[in-house]
Amino acid sequence: MRIFNIIKYIFAAAITLSTIFPSGALTLDQARKLYKEGKYKEAAPTFKEQLKRKPNDGSLNHWYGVCLLHEKKYDEAEKYLKTAAKRKVLESPHYLADLYMTQYRFDEAIESYKEYTEALSKSKKQIPDSIETAIARARKAKLMLQYVEQVQIIDSIIVDADSFFDHYKMTPESGRIGSAEALGVDIPENVIAYMPQRGDKVFFGQPSDEKGYELYSRNKLLDNSWSKITPLPDGVNTPNNEAYPFFLNDGVTLYFASDGEGSIGGYDIFITRLNLENNTYLKPENVGMPFNSIYNDYMMAVDEMLNIGWFVSDREQIPGKVTIYLFIPNESKQTYNLDEIKTDIKSLALIRSIRDSWPENANYTDLLQQLNNIKEIEVKTRPDFVFAVQNGKRYTSLDQFVSDEARNLFVKSAETRKNILDLEAKLAELRLEYTPSQGTTRQRLSAEIHALEEQLLKLYPQPEEYENQARKVEIESSKQ
């Protein structure tokens, strides 16, 4: 009888344990290990089960709230993170602030970030620079939310992030966007580039040796080879990342993406213009909401023939997917009047419904059909050069030369002209350095400037001389 009672007790205990820890369930230590590895979905059920027995446990509330946050279950996550914050779990205000940012509750985000910095100070722990940056971005986003542009978003499609450019169907006049293989140019394989209609230039972002991604360009030379890769002039590249360039047809208006100063989260889209007087770019401006968000937004392009634009965003998307938005560009920026709109401005800023941006009785069927009818065609580019030989006879490609000597002389003329442009740019930089300089630095710069000026004086007549020689040789060869 005594043995039977012992067996009965063991059996009852096993039933109790199986209720608390079902077959296959993780222990708390195992769940915490998964949590630290970033495997939030796998860890969440154990934290949830433990909370049934300890609903006021600060750590359990924090861990489960963070798991829900990463699963984008924001409303549920808020409840648990608030409980954890009240229980003085150090990191909870940080995660609460991140949650508020996703919902565009910027005032609450700022307060939670401040609460986090105060908690760190009391614990005598260093405040990361990233928190100050987060507060600055929250403040900028709060201001930006008051000036959301009233733009018509006419369509959106969800695509794979690594091939989004395949869905940009632009008229040939607007150029092409694509990979190195798609554009047929020697640039890094993992970057997305823009090539204007003529096909004589390419612009792209790639990692630099000293900074993050920077914007670069290459030019096609007379012999159809490509020039060396050179960074864009001053004004766009920063110590942070810049990528995804696109130029309007004027050749001076540049859209690009940056995650540096002025961004509200991840990549933001910026606009700038080339100052032709000194070959530098004006200070870039953030294009604002709804184009930009606290997520990654990039690759804005505008087809001026159809008056339609595109941009990409990973806002509220699963990893590996992005949304391409099509919109109608405004001639001038028009923002929503917050006192008149019926829709929540946060919803308009996040583009939760594209139809909310449409005017009454809007119909974009014809425009979208026109866009779908665009076919990739070979673009007829302008000639690389025009070289007058004699009596109205003109060459527009190197293949037209009869004489190899004449061709080489003409190429030498073009190379000399390029050399002159490079030296003039360098001379302009030295003159800018010279003005504020003093002492031995000023003397050195003066000597360098004088030497360059002497060199340029010798070079200036040479291109024309080479062309005249080429013309003479070509005419003589044609007579034979």
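The structure under discussion appears in the preceding block.
Let me sum up the structure you'll find in this document. (Residues numbered from 1 in each chain as written. Predicted model: local features only at pLDDT ≥ 70, side-chain atom pairs only at ≥ 80, totals over all residues. Heavy atoms only, no water.)

1. Thoughts on the nonpolar core
Using the following cut-off: The definition of a nonpolar core used throughout is a set of buried Ala, Val, Leu, Ile, Met, Phe, Trp, Tyr and Cys residues joined through side-chain atoms within 4.5 Å. The buried label applies to any residue whose accessible area, calculated with a 1.4 Å probe on protein chains only, is under 20% of its type's maximum; exposed applies above 50%, and partly exposed to all values in between. Strands are runs of DSSP state E lasting at least 2 residues, helices are runs of H or I lasting at least 4, and numbering of each runs from the N terminus. Any two residues whose heavy atoms approach within 4.5 Å are treated as being in contact.
If you look at the biggest cluster of nonpolar residues, it comprises 55 residues, and the most contacted ones within it are Phe164, Tyr168, Ile177, Tyr244, Phe246, Tyr255 and Met299. Mapped onto this core, the elements with two or more residues apiece are strand S1 (152-160), strand S7 (242-247), strand S8 (253-258), strand S9 (268-275), strand S12 (297-303), strand S13 (308-313), strand S14 (321-328) and helix H11 (365-372). Broken down by element, this core gets its largest block of residues, six residues, from S14. Setting aside anything within four residues of it in sequence, one finds tyrosine 255 in contact with Tyr244, Pro245, Phe246, Leu248, Ile269, Phe270, Ile271, Val287, Met300 and Val302. One finds Tyr40, Ala43, Ala85 and Ile264 within the second-largest nonpolar core, a separate group that totals 49 residues.

2. Re the pattern of salt bridges
Inclusion rule: Between Lys or Arg on one side and Asp or Glu on the other, a salt bridge is scored when a side-chain nitrogen of the former is within 4 Å of a carboxyl oxygen of the latter.
This model, assessed by the stated rule, comprises 17 salt bridges. Between glutamate 78 and arginine 105 there is a salt bridge, with its nearest N and O atoms 2.9 Å apart. Separated by 27 residues along the polypeptide, glutamate 78 in helix H5 (residues 74-86) and arginine 105 in the loop between helix H6 (92-102) and helix H7 (106-122) bring together distant segments of the chain. The buried category is assigned to glutamate 78, whose relative accessible area is 12%. You can call arginine 105 buried: its relative accessible area is 18%.

3. Considerations on H5
Spelled out, the test is: To estimate the expected span of a helix, count its residues, drop one, and scale the result by 1.5 Å.
The terminal C-alpha atoms of H5, which comprises 13 residues, lie 18 Å apart, in line with the 18 Å expected from a rise of 1.5 Å per residue. Of the residues making up H5, those classed as buried are Tyr74, Ala77, Glu78, Tyr80, Leu81, Ala84 and Ala85. Next to the buried residues of H5 lie helix H3 (40-53), helix H4 (58-70), H6 and H7. Positive backbone phi, at 65 degrees, marks lysine 88, one or two positions downstream of H5.

4. Here we look at the pairing of S8
Short version of the rule: Strand pairing is assigned whenever DSSP identifies at least 2 bridges connecting the two strands.
Within S8, six of the six residues are buried, which leaves the element mostly enclosed by the surrounding structure. Bridge count for S7 against S8 is four bridges, and the pairing is antiparallel. Note on S8: the bridge partner recorded for glutamate 242 is serine 258. The turn joining S7 and S8, which pair antiparallel and follow one another in sequence, is formed by five residues; a positive phi near 75 degrees is taken by glycine 251. Relative to S9, S8 runs antiparallel, the two being bridged by six bridges. Paired with serine 258 across the bridge in S9 is aspartate 268.

5. A closer look at the packing of H4 against H5
What counts, and what does not: To define axes, lines are fitted to C-alpha atoms, for helices over the stretch in contact only, and angles between the resulting N-to-C directions are given on a 0 to 180 degree scale. Geometric relationships in this document are graded by angle, where less than 35 degrees denotes roughly parallel, more than 145 denotes roughly antiparallel, 65 to 115 denotes roughly perpendicular, and other angles denote oblique. With the far helix as reference, a near helix turned anticlockwise by less than a right angle produces a left-handed crossing, and one turned clockwise produces a right-handed crossing. Each residue gets one of three labels, nonpolar for Ala, Val, Leu, Ile, Met, Phe, Trp, Tyr, Cys and Pro, charged for Asp, Glu, Lys and Arg, and polar for the others, Gly among them.
Axis separation between H4 and H5 bottoms out at 8 Å; the angle between their running directions is 155 degrees. Comparing their axes, H5 and H4 come out roughly antiparallel. The two elements H4 and H5 cross, and the hand of that crossing is left-handed. Between H4 and H5, the contacting residues are Gly58, Asn61, His62, Tyr64, Gly65, Val66, Leu68 and Leu69 on the first element and Tyr74, Glu76, Ala77, Tyr80, Leu81, Thr83 and Ala84 on the second. Here the contact of H4 with H5 is built from residues that sort into nine nonpolar, five polar and one charged.

6. Description of the pairing of S14
Counting buried positions along S14 yields seven of eight residues, so the element is predominantly enclosed. Across eight bridges, the pairing between S1 and S14 is antiparallel. Along S14, the bridge assignment pairs valine 159 with valine 322.

7. Concerning the sheet that holds strand S5 (residues 213-219)
In space, the five strands of this open sheet follow the order S2-S3-S4-S5-S6, with antiparallel pairing throughout. The strands lining the two open edges of the sheet, one partner per strand, are strand S2 (176-178) and strand S6 (230-231). In this structure, S2 lies alongside strand S3 (residues 193-195), joined through three bridges in antiparallel fashion. Of the residues in S3, the one forming a bridge with glycine 178 is alanine 193.

8. Topic: the sheet that holds S13
The strand order across the open sheet formed by four strands is S1-S14-S13-S12, and the pairing between neighbours is antiparallel. On the outer flanks of this sheet lie S1 and S12, each paired with one strand and no other. For this sheet, the mean angle separating the axes of adjacent strands, direction not counted, is 20 degrees.

9. Digging into unusual backbone geometry
Across the junction of methionine 289 and proline 290, the peptide omega takes the value 10 degrees, indicating a cis bond. With respect to the helices and strands, proline 290 occurs in the loop between strand S11 (285-286) and S12. Look at lysine 72: it is not a glycine, yet its phi comes out positive at around 65 degrees. Note on placement: lysine 72 falls in the loop between H4 and H5. Owing to a relative accessible area of 37%, lysine 72 belongs among the partly exposed residues under this scheme. Phi is positive for glutamate 316, which is not a glycine, with a value near 50 degrees.

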